[in-house]
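Listed below are the residues making up each chain.
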Amino acid sequence: MKKLFNVLVLIWCVVPVISAQDNTVKAESYFGDLRARHIGPALMSGRINDMEAHPTNPRIIYAGTAGGGVWKSNDAGTTFNPIFDEYCQSIGAVEIDPNDPDKTIYVGTGETWPRNSVSIGDGLYKSTDGGSTWNKMGFENSERIANIIVNPKNSKEIYVGVLGALWSDSEERGVYKTTDGGTTWNKILYVDAMTGCADMTMDPKDPNILYVSMWEFRRTGWSFNSGGDKSALYKSTDGGATWNKIHNGFPEGKLGRLAIAVAPSDSNVLYTVIEAEENSKKGLYRSDDAGASWKQLNNDFGITVRPFYFSRITVDPRNPDVVVKGGLSGSISRDGGKTFKNLGNMHSDIHDVIFDINNSDIIYSGTDGGVYRSWNGGTTFEIVENLPLSQFYHISVDDAEPYNVYGGLQDNGSWYGPSRAGGGVKAKDWNSIGGGDGFRVLKHPTKSIIYSEMQGAENVWRYDADRKLVKTIQPLPAEGYAKLRFNWNAPMAVSKHQPDRFYMGSQYLHKSEDMGDTWEIISPDLTTNDPAKQNQEDSGGLSMDNSGAENHTTIFTITESPLDENIIWVGTDDGNVQVTTDGGKTWTNTTPNIQGLPANTWVYHIEASVHGKGTAYAVFDGHTKGDMKPYAYKTTDYGKTWTNIISDDVEIFVRNIQEDYENENLLYLGTEFGLYITLDGGQSWSKFKNNMPSVAIHFIDLQAQTNDLVLGTHGRGVIIIDDISPLREINADVLKKKLHFFESEPFVMNDNSGSFGNGFGAETQFVGSNGPSGALIKYLLPKRHTFGKMTMEIQDMEGNKIVSMSPGKAKGINIVNWNYTIKNPKVAKGKTFSFGGFTSPRVAAGQYKAVIKKGKDTFEHVFEVENDTDTGLSEEAIALKHKTTMKMYDMTQELAYMVYELDALYEATKGKKKKVATALDNLKKTLVVTTGDNYVGSAEPQLREKMADLYSKIAGSYDKPSNAELESLKLIVKRFDKAKADFAKLKKKAKADDLQLKTFEEFISK
């Protein structure tokens, strides 16, 4: 009985687990050929946190970026390539082992210029193969690593300066040291849980001498504090065993962020920039006795501005009196810091500067707008054009063909550009439509109107793209209402029901029915209205920093239901999810109904569903309170109840969610470390990694016509996953099949050739990929094909083979791209190439079959291809083009076989029947080119060249053959008919009936 009881208990415990697993499909096993493509843009680039030069090779430069990973240049900064895509993309420090500079590199993650929108890091990484592969070395909870130093005399001795958490207390701060190459670490300098290492340097002549800046700081969602009693500058002369403050000459009172630099050519010369209580005491200080005493030299605005954001000092490696300080414009001194002038014109906000190791006239500058390079000591700068590091806050798409992507960028305004373009998406394809920090950019549903904004709704623009007219339309203070509080990232929304309707959020919801000309407030204050979070004028600490970025208790997200214009959802930065079902007359705060959510957690995005009026999704971001957990919930009853849809698979906090328009269980999640996808409504999530870096995804949109998933990333620009529709069909039943073809819409044989462009001038630019075109045959293999033969053909509906294809055999989604053509015609052999014969003819519109044979099994998929209606051609014209093309295709192959026969006959007769052989040779000279080369020595074109060139023109054109082309064809046919007749006569004279020749079918098949 006891045994039976145990069995029943086991069954009772196991069955629910099995049932849950049966409903759970892990998407990561089946992503297969789905791949992300990057379209930039790079013309405005993005923020650079740290730059590093190879110590012996001036061609090698590294850039550690705020949100776009680590990039390496092998050509002195002309171009860069990413080397860290699989890992956290927020970079604090890059260090090259000076003892093994070609192979050993260290990367500390987590940006160290802690503005409100910075991402976080997840530790320290090491590469021993020049950046090809990486291993983590700890510091998972460091959040921000400011410095890494490898002892130039001992590679096993490494120092790591940890700035630490921005939004909370953290024990993992200060300076750490290893003497065994990173196996073990010791904390050798620690102050407290609010004070981290902001800067660190080593005496170039004595690796036991270290200088460290410790900084007390804290940011919240509504304030920032830089400075305190714990900020200090320390020196160690015994490799970090002991430390002493070196403040002789420093100002009294609290200190803020301190930079530190030692002159490489004279280690007695030190520079620091001090953030002090008194404005007159702030600025650049210099020591000429290795830190024993300090003297203030300069407190110009360019030196003291925003010390939390600009704190890097660089000294010329050959001249201790040449010093560069980061800042709004960047400043350079050539008299030891007494006077400064601005660096040459480039994007504002300079964060790091390095000198070429051999030539101080060559300077690299890392800015909020990418990397710049100077050849003349900083007088002028040029931008590096291929760093697609743009930091989008929001993106949206329209319904154009190709569709456009709209978005706003950190410190780089608002833009829109095409999802694909002739030759790829280039810098010239992007259009600027707003300044400042750009956020939401929205296209009017039916008109050529684009809405854009800058920080804090300081300006909201309505741009008439047809007439090139701009108008400011932001809501202004209204009588009877409190002062408007707009978030730095102010929300906007357009209505799908009333195209001219436009929403904006302050603490109130504002609605306009005339595209922003007039506004009405349709809600009470929807926030907590906590006065303790509304003192932004006191933000900054020792240096006032009220940019508007800390505005709080505001509306952050707005969405109108696509099913009912009276249902509107609003989320606030202080944790309220509000809903109205009557167009704003009454509101309900649904947050109390959400279980497991900490109070006042930022509502980052709400998605109103297309699958039910009462259905919506909400994601919450708690990282501004030090809470890095992911939160996402779903309601189906207007917020009366909410269900958690986050599984343990999601590793970090969430910023956005997008539902699929057809499959309610298919969802896309934008997190701080990349994209996650669920096939089962959130029971399990899988990270998408196919050409997809672990970048912060701030917004996701799904283009309804193409089914493209469009991602606005904060560090790698716009990333697109083309046609995600196969994911809709993956379920437990499909996974039981041996092979499953995915459904497909008719494929259009696009005739748009794009635009002419030689590509010159783009050699050093980033060019966004267009992605695949053609008929994309997509199928699922639940298991990888490993044994037996597997083939694929495209056939007509009668089963005739059009072309053989190479099938994908991998587990998951396989995509085979057919370009609607059959193989190139077999072209007659001659002295030169016949380039016209390289054109493949397109098939006629209609139905075709993809046929896969897998072992003994055969699988068929019928699909349709259509003509491009944009050409304006009639069906008769299209039919004429196809008929003429195939006629010339057949003629080209017939000529090829004729020349093959002629060559064989010539070889058989040249020693026996010289007259016949001579006549054959003379005939061949009229058929193909027999002398010259393919360039300047080309001979007069013969029948093959004339035939192939005309064939190529007709086959490659969107249009029907012109009258001139048809007349030319008549001449070619006449000449060919005569050649065939002449050859027939010569064959009779040759009497070489015993020749062993391939048949025509055998000849053209190879």
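1. So, the overall build of the protein
Part 1 of the argument: For the protein, the count of helices and strands is 8 helices and 66 strands.
Part 2 of the argument: Here the C-alpha radius of gyration of the protein, 34 Å, is about what a compact globule of 1006 residues would show, namely 30 Å.
Part 3 of the argument: Based on the C-alpha atoms only, the size of the protein along its principal axes is roughly 115 × 80 × 70 Å.
Part 4 of the argument: Across the 1006 residues of the protein, 58% fall into the buried class.
Part 5 of the argument: Of the contacts made within the protein by residues no fewer than 6 positions apart, 57% connect residues no fewer than 24 positions apart.
Part 6 of the argument: Carbon together with sulfur atoms contributes 49% to the accessible area of the protein, which is approximately 41,300 Å² in total.

2. Topic: the pattern of salt bridges
When the charged atoms of two side chains lie near each other, side chains of opposite charge can form a pair.
Part 1 of the argument: Tallied over the entire structure, the rule returns 48 salt bridges.
Part 2 of the argument: Note that aspartate 722 and arginine 37 form a salt bridge whose closest N and O atoms lie 2.7 Å from each other. A residue pair is termed long-range when its members are at least 10 positions apart, and aspartate 722 in the loop between strand 58 (718-721) and helix 3 (726-729) and arginine 37 in strand 1 (residues 36-40) qualify at 685 residues. Accessibility classification places aspartate 722 together with arginine 37 in one group, the buried group.
Part 3 of the argument: For lysine 613, the salt bridge goes to aspartate 564, with nearest N and O atoms at 3.6 Å.

3. Overview of the nonpolar core
Part 1 of the argument: Ile794, Trp818, Phe863, Leu895 and Leu927 are the most contacted members of the largest nonpolar core, which totals 57 residues.
Part 2 of the argument: At 10 residues, helix 4 (residues 875-909) tops the list of elements feeding residues into this core.
Part 3 of the argument: Leave out the neighbours within four places in its chain, and leucine 895 touches Ala828, Leu927, Leu943, Arg944, Met947 and Phe976.
Part 4 of the argument: Grouped together as the second largest cluster of nonpolar side chains are 28 residues, Phe31, Phe688, Leu702 and Val734 included.

4. Considering the side chain of aspartate 680
Part 1 of the argument: Mapping aspartate 680 onto the fold places it in the loop between strand 54 (674-678) and strand 55 (686-688).
Part 2 of the argument: An unpaired buried charge is present at aspartate 680: no salt bridge exists, and lysine 26, the closest side chain of opposite charge, is 7.7 Å distant.
Part 3 of the argument: A polar contact of 3.2 Å, which involves the side chain of aspartate 680, links it to the backbone nitrogen of valine 25.
Part 4 of the argument: A polar contact is formed between the side chain of aspartate 680 and the side chain of threonine 678, at a distance of 2.7 Å.

5. Overview of the side chain of arginine 173
Part 1 of the argument: By secondary structure assignment, the location of arginine 173 is in the loop between strand 11 (154-162) and strand 12 (174-178).
Part 2 of the argument: One buried charged side chain, arginine 173, makes no salt bridge at all; its nearest oppositely charged neighbour is aspartate 169, positioned 5.4 Å away.
Part 3 of the argument: Of the polar contacts made by the side chain of arginine 173, one reaches the backbone oxygen of alanine 165; its length is 2.8 Å.
Part 4 of the argument: A polar contact is formed between the side chain of arginine 173 and the backbone oxygen of serine 168, at a distance of 2.9 Å.

6. Remarks on the sheet that holds strand 7 (residues 105-109)
Part 1 of the argument: Pairing is antiparallel across the open sheet formed by 4 strands, whose spatial order is 6-7-8-9. Each edge of the sheet is formed by a strand with only one pairing partner; in this case those strands are strand 6 (91-96) and strand 9 (135-136).
Part 2 of the argument: Examined bridge by bridge, strand 6 and strand 7 share 5 bridges and lie antiparallel to one another. Bridging across to strand 7, isoleucine 96 finds its partner in isoleucine 105.

7. Focus: the state of the cysteines
Part 1 of the argument: A full pass over the atoms with the stated rule returns 0 disulfides.
Part 2 of the argument: Cysteine 88 takes part in no disulfide bond, and the closest cysteine sulfur to it belongs to cysteine 197, at a distance of 18 Å.
Part 3 of the argument: Judged by its relative accessible area of 2%, cysteine 88 is buried.

8. A look at the environment of valine 441
Part 1 of the argument: Within the secondary structure, valine 441 is located in the loop between strand 34 (431-434) and strand 35 (442-443).
Part 2 of the argument: Separated by 59 residues in the primary sequence, valine 441 and aspartate 500 have C-alpha atoms spaced 15 Å apart.

9. Concerning the sheet that holds strand 59 (residues 740-741)
Part 1 of the argument: Strand order in the open sheet made by the 3 strands is 59-61-64, with antiparallel pairing throughout. Of all strands in the sheet, those with a lone pairing partner are strand 59 and strand 64 (812-818), marking the two edges.
Part 2 of the argument: Direction of pairing for strand 61 (residues 775-781) relative to strand 64: antiparallel, over a ladder of 7 bridges. Paired with leucine 776 across the bridge in strand 64 is asparagine 817.

10. So, the packing of aromatic side chains
Part 1 of the argument: Inspection of the entire model under this criterion finds 36 aromatic pairs.
Part 2 of the argument: Judged by centre distance (5.0 Å) and plane angle (65 degrees), the ring pair of phenylalanine 31 and phenylalanine 688 falls under edge-to-face. In this pair, phenylalanine 31 sits in the loop between helix 1 (2-22) and strand 1 while phenylalanine 688 sits in strand 55, placing the two residues 657 residues apart along the sequence. Just as phenylalanine 31 is buried, phenylalanine 688 falls in that class too.
Part 3 of the argument: Three or more aromatic residues joined by ring pairs form one cluster here, namely Trp215, Phe217, Phe224, Phe308, Tyr309 and Phe310.
Part 4 of the argument: In this arrangement the basic side chain of arginine 219 is found over the ring face of phenylalanine 224, its NZ or CZ atom lying 4.2 Å from the centre.
Part 5 of the argument: A cation over an aromatic ring shows up here: lysine 826 above the ring of phenylalanine 1003, its NZ or CZ 5.1 Å from the ring centre.

11. Let's talk about unusual backbone geometry
Note: most residues except glycine have negative phi, and most peptide bonds are trans.
Part 1 of the argument: Between glycine 40 and the following residue, proline 41, the backbone shows a cis peptide bond with an omega angle of 5 degrees.
Part 2 of the argument: You can see proline 41 is positioned in the loop between strand 1 and strand 2 (48-53).
Part 3 of the argument: Note that the residue after glutamate 401, namely proline 402, is joined by a cis bond; omega there is -5 degrees.
Part 4 of the argument: Assignment of secondary structure puts proline 402 in the loop between strand 31 (392-397) and strand 32 (404-409).
Part 5 of the argument: One non-glycine residue, asparagine 707, lies in positive phi territory at about 60 degrees.

12. Focus: the packing of helix 4 against helix 7 (residues 963-990)
Part 1 of the argument: Direction vectors running N to C along helix 4 and helix 7 enclose 25 degrees, while the axes themselves pass 11 Å from each other. Viewed along their axes, helix 4 and helix 7 adopt a mutual orientation that is roughly parallel. When you trace helix 4 past helix 7, the crossing you get is left-handed. Every residue of helix 7 that contacts helix 4 at Thr884, Lys887, Met888, Met891, Glu894, Leu895, Met898, Glu901, Leu902, Leu905 and Thr909 is listed here: Leu966, Leu969, Ile972, Val973, Phe976, Ala979, Lys980, Phe983, Leu986, Lys987 and Ala990.
Part 2 of the argument: Of the residues belonging to the contact of helix 4 with helix 7, the class tally is 15 nonpolar, 2 polar and 5 charged.

13. Some remarks on the environment of glycine 774
Part 1 of the argument: If you trace the backbone, glycine 774 turns up in the loop between strand 60 (747-749) and strand 61.
Part 2 of the argument: Counting along the chain gives 105 residues from glycine 774 to leucine 669, while the straight-line C-alpha distance between them is 29 Å.
Part 3 of the argument: Leaving out residues up to four positions away in the same chain, glycine 774 has contacts with Phe747, Asn817, Trp818 and Tyr820.

14. Let's talk about the packing of helix 4 against helix 6 (residues 943-955)
Part 1 of the argument: The geometry of helix 4 relative to helix 6 is characterised by a closest axis approach of 9 Å and an angle of 155 degrees between their N-to-C directions. One finds that helix 4 runs roughly antiparallel with respect to helix 6. The interaxial crossing formed by helix 4 with helix 6 has left-handed handedness. On helix 6, the residues touching Lys881, Thr884, Thr885, Met888, Tyr889, Met891, Thr892 and Leu895 of helix 4 are Leu943, Arg944, Met947, Leu950, Tyr951, Ile954 and Ala955.
Part 2 of the argument: Classifying every residue of the contact of helix 4 with helix 6 gives 10 nonpolar, 3 polar and 2 charged.

15. Considering the pairing of strand 10 (residues 145-151)
Part 1 of the argument: The buried count for strand 10 comes to 7 of 7 residues, which makes it a mostly enclosed element.
Part 2 of the argument: Inspection of the sheet shows strand 10 paired to strand 11 by 6 bridges, in the antiparallel sense. Each residue of the ladder has a partner; that of asparagine 151, found in strand 11, is asparagine 154.

16. Topic: the environment of asparagine 298
Part 1 of the argument: Among the structural elements, asparagine 298 can be located in strand 22 (residues 295-298).
Part 2 of the argument: You can call asparagine 298 buried: its relative accessible area is 5%.
Part 3 of the argument: The contacts of asparagine 298, once residues within four sequence positions are left out, are Lys282, Gly283, Leu284, Ile303, Gly337, Lys338, Thr339 and Phe340.
Part 4 of the argument: Of the polar contacts made by the side chain of asparagine 298, one reaches the backbone oxygen of lysine 338; its length is 3.1 Å.

What counts, and where the lines are drawn
- Residues numbered from 1 in each chain as written.
- Predicted model: local features only at pLDDT ≥ 70, side-chain atom pairs only at ≥ 80, totals over all residues.
- Heavy atoms only, no water.
- Helix = DSSP H or I, 4+ residues; strand = E, 2+ residues; numbered from the N terminus.
- Rg over C-alpha atoms; globule rule 2.2 N^0.38 Å.
- Buried < 20%, exposed > 50% of the residue type's maximum accessible area, 1.4 Å probe, protein only.
- Contact = heavy atoms within 4.5 Å.
- Areas by Shrake-Rupley, 256 points an atom, 1.4 Å probe, with all protein chains shown as cover.
- Salt bridge = Lys/Arg side-chain N within 4 Å of Asp/Glu carboxyl O.
- Core = buried A, V, L, I, M, F, W, Y, C linked by side-chain atoms within 4.5 Å.
- Lys, Arg positive; Asp, Glu negative; His and termini not counted.
- Polar contact = N/O pair within 3.5 Å; in protein donor to acceptor, adjacent residues only side chain to side chain.
- Pairing = 2+ DSSP bridges.
- Disulfide = S-S within 2.5 Å.
- Phe/Tyr/Trp six-rings, centres within 6.5 Å; stacked < 30°, edge-to-face > 60°.
- Lys NZ or Arg CZ within 6 Å of the ring centre and 35° of its normal.
- Axes fitted to C-alpha atoms, helices over the stretch in contact; angles between N-to-C directions.
- Parallel < 35°, antiparallel > 145°, perpendicular 65-115°, else oblique.
- Left-handed = near helix turned anticlockwise from the far one by under 90°.
- Nonpolar A, V, L, I, M, F, W, Y, C, P; charged D, E, K, R; others polar.

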